[in-house]
Amino acid sequence: MPRRGKYKKHVIPPDVRYNSVPVQQFINKVMKNGKKSIAEKIVYGALEAAAERLGRPPLEVFETAVRNASPAVRVVPKRVGGATYQVPVEVKGELRQSLAMRWIIQAARARQGRPMVERLTAELIDAFNNTGAAVRRREETHRMAEANRAFAHYAR
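Residues numbered from 1 in each chain as written. Predicted model: local features only at pLDDT ≥ 70, side-chain atom pairs only at ≥ 80, totals over all residues. Heavy atoms only, no water.

**Points about the environment of Ala133**
Next, step 1: You can see Ala133 is positioned in helix α6 (residues 133-147).
Next, step 2: Expressed as a C-alpha distance, the spacing of Ala133 and Ala110, which sit 23 residues apart in the sequence, is 9.3 Å.
Next, step 3: Excluding anything up to four places from it in sequence, Ala133 contacts Ala107 and Glu123. (Helix = DSSP H or I, 4+ residues; strand = E, 2+ residues; numbered from the N terminus. Contact = heavy atoms within 4.5 Å.)

**Describing the packing of aromatic side chains**
Next, step 1: Tallied over the entire structure, the rule returns three aromatic pairs.
Next, step 2: Plain terms: the ring middles of Phe26 and Phe62 are 5.2 Å apart, the flat faces sit at 70 degrees to each other, and that makes the pair edge-to-face. Placement of Phe26 in helix α1 (residues 21-30) and of Phe62 in helix α3 (residues 58-69) is noted, with a sequence separation of 36 residues between them. Phe62 matches Phe26 in its accessibility class, with the two residues each being buried.
Next, step 3: When the ring of Tyr85 is compared with that of Phe151, the centres are 4.7 Å apart and the planes differ by 35 degrees; the resulting orientation is tilted. Residue Tyr85 is located in strand β2 (residues 83-90), and its partner Phe151 is located in the segment after α6; the two are separated by 66 residues in the primary sequence. (Phe/Tyr/Trp six-rings, centres within 6.5 Å; stacked < 30°, edge-to-face > 60°. Buried < 20%, exposed > 50% of the residue type's maximum accessible area, 1.4 Å probe, protein only.)

**Some details on the packing of helix α4 (residues 93-110) against helix α5 (residues 116-128)**
Next, step 1: Here α4 crosses α5 at 130 degrees, and the two axes come no closer than 8 Å. Relative to α5, α4 is oriented oblique. In this structure, α4 meets α5 at a crossing whose hand is right-handed. Here α4 contributes Ile104, Ile105, Ala107, Ala108 and Arg109 to the contact with α5, which in turn contributes Met116, Arg119, Leu120, Glu123, Leu124 and Ala127.
Next, step 2: Of the residues contributing to the contact of α4 with α5, the split by class is eight nonpolar, no polar and three charged. (Axes fitted to C-alpha atoms, helices over the stretch in contact; angles between N-to-C directions. Parallel < 35°, antiparallel > 145°, perpendicular 65-115°, else oblique. Left-handed = near helix turned anticlockwise from the far one by under 90°. Nonpolar A, V, L, I, M, F, W, Y, C, P; charged D, E, K, R; others polar.)

As structure tokens, this is what we get:
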């Protein structure tokens, strides 16, 4: 679907190590207070550690983890005649990937007591193995969409 309006989408250059745009987006999402070098150390360290533990290439670990945490549908509130319905809507490619990355990072930040590199490593491994908080959140979203399937005809 073409973008509306006169503004063009911001193009993010690929990251330096894996030459991958999604990895760069992930680094940007991990980044706090503009400290990109710290975010890069965290992400690259986590990817290397996860790849070492799983015996797979780091990029494959990352892509599989994001794919496993990606939601296919979500619910959006829609007001119809004074009542608000939770309407299930299909999630398109870019938003799907963005939600998965966000959920993985939130789940890693929610883990307690260890450095961020280790928490992110653990969450990436869990997502790779289809377990963990990010995947649980995706399944929860799918359950909500399934439960509200009766309101699908209200979809935009």
